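Spelled out, the chains give:
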Amino acid sequence: MIPFEMVEPRSLEEAVALLDPTETTIRAVAGGTALMLMMKAGVFQPTRLVCLHRIEPEHARITLTEAGELRIGAMASLSEVEKDSNVAARLPVLKNALRRLSNPRVRNVARVGGALAHGDPHMDLPPVLAALGARVTINGPNTSRELPLLELFAGYYETVLEKNELITAVTVPQLHDRKSAYIKVTSRSADDWPAVGVAVTFSLHDGVLRDPIVVVSAATEKVTRLAGAEQVLQGAAIDDAVLRRAGDAAAAEASVLADAHGSAAYKRELLRVYLRRAVRQALDESTPQVRQ
Amino acid sequence: MSARTINFTLNGQAVSTAIEPHRNLVELLQRFDLLGARESCGQGLCGCCTVLVDGVAVSGCLYFAVWVDGKSVSTVEHLDADGALSNVQQAFIDCGAFQCGFCTPGFVLMTHQLLKDCPDPSDEDIRDYLAGNLCRCAAYPEIIEAVKRAAKAAT
Amino acid sequence: MNQVGRNIPRLEVHAKVTGRADYTHHLRLPGMLYGKVFRSTVPHGLIRSIDTQAAQALPGVHRVITGADIQKLIPEPYYGPAFHDQPILALKKVRHVGEPVAVVLASDPHVAEQAVQLISAEYEELPAVYDEVEAMQPDILVHDVLRPAGTFADLKHLKGRGGTNVALDYHLRRGDVDAAMARADHVIEHTFKTQQCLHLAFEPFVSVAEPGDQRLTIYTANQSPSFVRIEIARLFGWPENRVRVKVPYLGGGFGGKLYIKLEALVAALSMIVRRPVKIALTMEEQFYMITKHATTFRIKSGVGKDGRLVARKCEVYWNGGAYADIGPRVAQKSGFTAAGPYDIDNVSVDSYEIYTNRTPAGALRGFGVPQLVWAYESHTDLIARQLGIDPVDFRRKNLLRNGRPHASGTVLQDAAITEVFDSVVARMGWDKPFDRGSETLRRGRGIAIGLKAVISPTTSVAIVNISADGSTTAYTGTVDMGQGSDTAYALIVGEVLGIAAEEVRVIHSDTDVTPYDMGTLGSRSLYHMGNAMRLAAEDARTKLRALAVEAGLPEGTNYPPAEVFKKRYGMQAGNVIGTASFVPSYKPPAPQTGQSDNVTPFWMVGGAGVEVEVDTETGKVHILRLVNAVDCGKPINPGVARAQISGAAIMQLGFTLSEAMHLDGGQVTNASLADYKIPGIGDIPPMDNEVVAAEQHSGPFGAKGIGESGTFGVSPAIANAIHDATGVRIMELPITAEAVLRALRAQAGRPLDDE
Ligand SMILES: Cc1cc2nc3c(=O)[nH]c(=O)nc-3n(C[C@H](O)[C@H](O)[C@H](O)COP(=O)(O)OP(=O)(O)OC[C@H]3O[C@@H](n4cnc5c(N)ncnc54)[C@H](O)[C@@H]3O)c2cc1C
Ligand code: FES
Ligand code: FES
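Residues numbered from 1 in each chain as written. Chains lettered and ligands numbered in written order. Predicted model: local features only at pLDDT ≥ 70, side-chain atom pairs only at ≥ 80, totals over all residues. Heavy atoms only, no water.

A. Up close: the site of ligand 1. Around ligand 1 there are 33 residues in total, and A28, A30, G31, T33 and D124 of chain A lie nearest to it. Each of chains A and B places residues near ligand 1. Contact between ligand 1 and R111 of chain A: an oxygen atom at 2.8 Å from a main-chain N or O atom of the residue. In this structure, I167 of chain A approaches ligand 1 through a main-chain N or O atom, which is 2.8 Å from a nitrogen atom. Taken by itself ligand 1 offers 970 Å² of open surface, and the protein chains cover 96% of this. Every element with two or more residues in the shell around ligand 1 is listed here: β2 (26–29), α2 (33–40), α7 (112–117) and β10 (166–172) of chain A. (Near = heavy atom within 4 Å. Polar contact = N/O pair within 3.5 Å; in protein donor to acceptor, adjacent residues only side chain to side chain. Areas by Shrake-Rupley, 256 points an atom, 1.4 Å probe, with all protein chains shown as cover. Helix = DSSP H or I, 4+ residues; strand = E, 2+ residues; numbered from the N terminus.)

So this is what it looks like as structure tokens:
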């Protein structure tokens, strides 16, 4: 790696001030796991890294709000989220997704903010949180805004963050009685990044499925909600035929890209099949996690 | 860009050195002649570079050296500080859980972490937890055996 | 106590679990410079210019070196075990992406790395050829003239020639294939392919050279230190004794670290700058060093109504990449076993080692045999199916048995083909009914068996030294990369001398100290070095007895060695040094027909059976069970032997299901462990491994090699099982989930789009 400067601000405000609205070689670093990969590959050569480790500890907390929402500080490590008792009790789908996200060493170091801001579509957290209806809080110089998580992603490795904005928290609404599932599909080895990620949440009343959220990642250039598939599922009583139609709708509407995990045609098939399986998995809560 | 002095605890001893931000934890340890953490894949995948920072496992290849300032670092070399092999090390020997041995310190440290979180791991727990440790010699069946043996020895 | 056959931990286990084992990777010397390599970005081109100015100007850079600088030191800077075709740094031309073109030397590796980014080169690009079959046509030539090395006995016959990419063509003719085909009731032909993949040892390639007074020491992660010494001495025009090659433990080899890799480069650099130089590759750079051959294998068999194989014709094309490395030996030595472990009267084999513009290919755990077994066992299964015969019955009818001539003309001896086959069949429960699964999760079973001959003739020399206190040290050139060779030799020496293996100290691979060994490769060491070690220990024992007689001790009594020395020299003094060399007898195959009645000192046999479950909606293949059996004679250290089987089988599982180097316009597009997926702990199927009861009568205490045999049957057994489960046949490795789904969909008349 090529030498650069590392600064360690003591507050969020200071951190934001050390970023630069135009300079691309200055970036925040949280766990550094994604950044270091890029730096080692020579695709990113910083002049300055703004380390977020020493900003106020509140940004690493995981708390339950009065409204019963879970507020996860952006500097919480993925392990902390995985092991959090509120997460375990209220959002098992998130805990399960984390268990197979990368590996324990990366999870110990990587932070939620990094996992969201990185913008690589081949990641597990964004689709799960998006299907859970999460919102992100973003702070800039004297500004703070909140966005639905899905709106954070602008494209392949692209987010809507300004260069001097930081994610400070992600807020996950209560799941109530909504069912949820996430399937990480790997096509090469068990420990791989996802080839396709499918997350679904919905409620079920008298055997009829309501208000589904269907999100795909890895297959597409960014985390994407699949309205067509949701339409098929909305108000439907679940049977094989409906699930097939939903899978077909998903495969038809998603613009699937080829990559090292498989051709577009193949990944489209995976989406078609795993959408069905994800809904089934959400329904069958006795099997919290199916290995694909 | 210049070197910064960092102070940290290394295998129980207070130490200090000046190091630049672009160096990683494996390089830092080399300065102290600790060679059990070694960079292989360089991408966080294989675990050959495993180091404990404040008791938590990290990939030394993906961890800036300056980040250990004020922290406590411990390496595989610390496991037999009292002269005796740890139960995990002994189980790895008993089960023949390696061939070339290049990946072994990482597997040993990660197994210690696993057993701390989960004293009686199932096959599934072992597979999930050790997903980030690769062994090109493919001693996996023996490693799984060794993890179970170490778990038994601890209880 | 008997030593051989004891199940003991390897001698170095303590060092390995504590992280204190010695690897070249760790070596640092005072004043050492780190070299970082600037590599070609084009697959084939003439070098127009190399601009190193900016790199040279970077503070901290000691020196930038190109091929021209090397040539001032070594006028003919070409190396290689079969051909002297590989320049230390590219000269005039580059032949594959990633070929070393220049090196930056600096005390700080980060500075060297940064400087490499400041180098630029201009090339006049030439058309390139990547496919082994296309490269048979001389339209695009990778080398203008081929330059055989003449180093090894088995490759002496290679001829220099031009106008072709064929480095070696090997032919075997037995009986009359064409006539037998014409008479056969069925003639069945297929073409199978394998992919380019690679070793990826976890200690990446690393070498250090340290110049001294009139000499040079090379510390290196290498499997053949004796060859390194000879080759470096040849390049410098020195006698061997001016070069010292030391190899500590190896962090994996698998055939990748054979012959010369970085050694010539660090040697030349260190002689130019007169300082120690280290080059340690990254995981990514390993993709530009050495690989496993991609192959195309056309195989055709004639079968009688009774299900007997009467003729087999094999054409094998080996994609050797830009430099021959040991590819010619792969093409030849493996080529002669291309017809498989079957008793066939009429066989012809044509095997071609071909240059292309890819990363060079060499030996990888099996010296080409896994590629052959993939084809012939897939083919054999297809024949059985076409004839409506159970694949097990069909093989039983045709298996080669001891006492029968192999296609090479050598009569099979001590090859437990039947035992290995029976072991797999029995443990698979082949004749029992099994669960065929459901509509979308279909189950099937497959079986396969392979045969390999060892490289011959090769030499190993061993020394056993008994010190005056009776403690014993064994000296060997075998490189221990985890296969447990040090421990095996300790067991052998202990057996001969009647002492515990743990008391024997084994000194390995330091050419100033350890005697010649051809190399740690092709499962040859336990047999060759093991025999040498046994003989050396016997020699020491004989000499010790003679010393006792000299000392006036009555003959026939066993005195503790320490007493003998004390009696003879009046104090704790002296040594007894036993030595031996071992080279088996051998008859080179006749050039036109490949026939020889003594082509190999021993055969290796490996078989596998698998049960799979195929998800027909995704193509995903779950291995429910993997059963392996090998013949390694009598195992010296049974636990280590079993671990070799499973290690080999799992490695082959990677080559079967996921591993492949992807090329785009000659560029490797997945040069990292992130995108080249090797098996992890979550990919390991339940396994059942067995060493069959057998004996290699010419081996040390009945033993022979085992490192490769566990790879043989895995790939075709899986393809056969997928066929059994789903009716689709995969003809090309790797068998990715996508490949299976594509085949299923094509079969159903609903093919997937190409993109
Ligand atoms: C071996 C390995 C395997 C992996 N496998 C998986 C996998 O299976 N699934 C998966 O989902 N992921 C996987 N990953 C990716 C991993 O999840 C990311 O590397 C990690 O989440 C990034 O977090 P970080 O804190 O390390 O980010 P950093 O590397 O610190 O930062 C990443 C990016 O986010 C920016 N950033 C960081 N924090 C903030 C913030 N608060 N506000 C704004 N911008 C910010 C940085 O500037 C940088 O651009 C893997 C990574 C590795 C190394
Ligand atoms: S070298 Fe750090 S995980 Fe592989
Ligand atoms: S023992 Fe060689 S890599 Fe694991």
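Read on for the rest.
B. Broad picture of the pairing of strand β11 (residues 206–212) of chain C. Residue and element names in this part refer to chain C. Of all the 7 residues making up β11, 5 are buried; the element is thus mostly covered by neighbouring parts of the structure. In terms of strand pairing, β11 meets strand β12 (residues 215–220) through 6 bridges, oriented antiparallel. By the bridge assignment, A209 is partnered in β12 with I218. In textbook terms, the turn of a hairpin is the stretch between consecutive antiparallel strands, and for β11 and β12 this stretch comprises 2 residues, one of which, Q214, has a positive phi near 65 degrees. (Buried < 20%, exposed > 50% of the residue type's maximum accessible area, 1.4 Å probe, protein only. Pairing = 2+ DSSP bridges.)

C. Representation of the interface of chain B and chain C. Counting from both sides, the interface comprises 47 residues of chain B and, opposite them, 52 residues of chain C. Carbon and sulfur atoms supply 59% of the area buried between chain B and chain C, which totals about 3800 Å² over both sides. When the buried surface of chain B facing chain C is broken down by residue, Q99, F102 and R136 of chain B rank first, second and third, together holding 23% of it. Taken together, the connections running from chain B to chain C amount to 4 salt bridges. Two residues, R20 of chain C and D80 of chain B, come together in a salt bridge whose shortest N-O distance is 2.9 Å. At the boundary of chain B with chain C, the tally comes to 27 residue pairs in polar contact (both at pLDDT 80 or more). Sorting the residues of the side of chain B that touches chain C by element identifies α1 (25–31), α2 (87–94), α3 (104–117), α4 (123–129) and α5 (140–154) of chain B as the ones contributing at least two each. (Contact = heavy atoms within 4.5 Å. Buried area = accessible area lost by both parts, 1.4 Å probe. Salt bridge = Lys/Arg side-chain N within 4 Å of Asp/Glu carboxyl O.)

D. Geometry of the domain arrangement of chain C. All names here are of chain C. According to the domain assignment, chain C contains domain 1 (13–20 + 456–582), domain 2 (28–127 + 199–288) and domain 3 (294–455 + 590–754). Placing the centre of domain 2 and that of domain 3 at their C-alpha centroids yields a distance of 35 Å. On the domain 3 side, the residues contacting the 27 residues of domain 2 number 29 residues. The tally of links from domain 2 across to domain 3 stands at 1 salt bridge. The shortest N-O distance in the salt bridge between D325 and K261 comes to 2.8 Å. Where domain 2 packs against domain 3, one counts 12 residue pairs in polar contact (both at pLDDT 80 or more). A breakdown of the residues in the side of domain 2 that touches domain 3 according to their chemical character gives 15 nonpolar, 7 polar and 5 charged. (Domains from an automatic or database assignment. Nonpolar A, V, L, I, M, F, W, Y, C, P; charged D, E, K, R; others polar.)

E. Molecular detail of the interface of chain B and chain A. Listed per partner, the contact involves 34 residues of chain B and 33 residues of chain A. Where chain B abuts chain A, roughly 2800 Å² becomes buried across the two surfaces, and 58% of that area is made up of carbon and sulfur atoms. In this assembly, chain B and chain A are joined by 5 salt bridges. With its nearest N and O atoms 2.8 Å apart, the salt bridge here joins E39 of chain B to K40 of chain A. At the junction of chain B and chain A, the tally comes to 13 residue pairs in polar contact (both at pLDDT 80 or more). Put simply, the parts of the chain that give the side of chain B that touches chain A at least two residues each are β4 (56–59), α3 and α4 of chain B. Taken together, the residues of the side of chain B that touches chain A sort by class into 17 nonpolar, 10 polar and 7 charged.

F. Local environment of the packing of aromatic side chains. Inspection of every chain in the model, using the stated rule, returns 15 aromatic pairs over all chains. Between F4 of chain A and F64 of chain B the ring centres are 5.8 Å apart and the planes differ by 75 degrees, which places this aromatic pair in the edge-to-face class. One end of the pair, F4 of chain A, is in the segment before β1 (5–7); the other, F64 of chain B, is in the loop between β4 and β5 (72–74), on a second chain. The exposure class of F4 of chain A is buried, given its relative accessible area of 0%. Measuring from ring centre to ring centre gives 6.5 Å for F565 of chain C and Y569 of chain C, while their planes differ by 25 degrees; the resulting arrangement is stacked. Taken together, the residues span about one helical turn, with F565 of chain C and Y569 of chain C both in helix α14 (residues 561–569) at a distance of 4 residues. (Phe/Tyr/Trp six-rings, centres within 6.5 Å; stacked < 30°, edge-to-face > 60°.)

G. Structural detail: the nonpolar core. Within the largest apolar cluster, 195 residues are counted, with the highest numbers of intra-cluster contacts made by I232, I279 and I735 of chain C. At 11 residues, the largest contribution of residues to this core is made by helix α13 (residues 525–550) of chain C. Residue contacts for I279 of chain C: discarding those within four places in its chain leaves G35, V37, V103, F205, V206, S207, L262, L265, V266 and L269 of chain C. Grouped together as the second largest cluster of nonpolar side chains are 67 residues, I144 of chain B together with C197, F202 and I681 of chain C included. (Core = buried A, V, L, I, M, F, W, Y, C linked by side-chain atoms within 4.5 Å.)

H. Layout of the pattern of salt bridges. All names here are of chain C. Using the criterion set out here, one finds 80 salt bridges over all chains in the structure. Here E132 ties to K193 by a salt bridge, and the two come within 3.6 Å at their closest N and O atoms. Of this pair, E132 sits in the loop between β8 (120–125) and β9 (166–174) while K193 sits in strand β10 (residues 186–194), and the two are 61 residues apart along the sequence. Accessibility expressed as a relative area gives 3% for E132, which makes it buried. Classification of K193 by relative accessible area gives partly exposed; the value is 25%. Linking D345 and R404 is a salt bridge whose minimum nitrogen-to-oxygen distance equals 3.9 Å. Of this pair, D345 sits in the loop between α8 (327–334) and β18 (346–355) while R404 sits in the loop between α10 (391–398) and α11 (417–428), and the two are 59 residues apart along the sequence. One connected set of salt bridges, linked through shared partners, spans E377, D381, R385, R395, R436, D724 and R729.

I. Examining empty space enclosed by the protein more closely. All names here are of chain C. Inspection of the entire model under this criterion finds 10 cavities of 30 Å³ or more. By volume, the largest cavity is sized at about 590 Å³. If you go around the largest cavity, you meet 40 residues; those closest to its centre are Q483, S523, Q644, I706 and G707. Secondary-structure elements contributing two or more residues to the lining of the largest cavity are α12 (485–497), α13 and α15 (638–657). Of the residues assigned to the lining of the largest cavity, the class counts are 18 nonpolar, 17 polar and 5 charged. Considering only enclosed or pocket space, the second largest cavity measures out at about 190 Å³ in volume. Residue lining of the second largest cavity: 19 residues in total, with Y79, Q86, P100, K261 and M289 positioned closest to the centre. For the lining of the second largest cavity, the elements supplying multiple residues, two or more each, are β1 (33–39) and β5 (86–87). Counted by class, the lining of the second largest cavity contains 14 nonpolar, 2 polar and 3 charged residues. (1 Å grid on protein atoms, 1.4 Å probe; cavity = no way out; pocket = protein on both sides within 12 Å on 5 of 7 lines; lining within 4 Å. Points joined across faces, edges and corners; volume = space filled by probe spheres on them.)

J. Region of interest: the sheet that holds strand β11 (residues 179–185) of chain A. Residues and elements named next belong to chain A. With antiparallel pairing, the 4 strands of this open sheet are ordered in space as β11-β12-β13-β14. The outermost strands of the open sheet, each flanked by one partner alone, are β11 and β14 (224–225). Where strand β12 (residues 196–205) and strand β13 (residues 208–217) come together, 8 bridges link them in antiparallel fashion. If you follow V200 over to β13, its bridge partner there is V214. Across the sheet, helix α11 (residues 264–283) is in contact with β11, β12 and β13; its angle to β12 comes to roughly 35 degrees. (Axes fitted to C-alpha atoms, helices over the stretch in contact; angles between N-to-C directions.)

K. Focus on the packing of α11 of chain A against helix α17 (residues 737–747) of chain C. Direction vectors running N to C along α11 of chain A and α17 of chain C enclose 85 degrees, while the axes themselves pass 11 Å from each other. As summarised for this structure, α11 of chain A and α17 of chain C are arranged roughly perpendicular, according to the angle between their axes. On α17 of chain C, the residues that touch A265, Y266 and E269 of chain A of α11 of chain A are A737, E738, L741, R742 and R745 of chain C. For the contact of α11 of chain A with α17 of chain C, the residue count by class is 4 nonpolar, no polar and 4 charged. (Parallel < 35°, antiparallel > 145°, perpendicular 65-115°, else oblique.)

L. Region of the structure containing the side chain of D381 of chain C. Residue and element names in this part refer to chain C. Inspection of the secondary structure assignment puts D381 in helix α9 (residues 369–387). Residue class for D381 comes out buried when judged on its relative accessible area of 2%. The contact partners of D381, leaving out residues within four places of it in the chain, are P391, R395, I447, N720 and R729.

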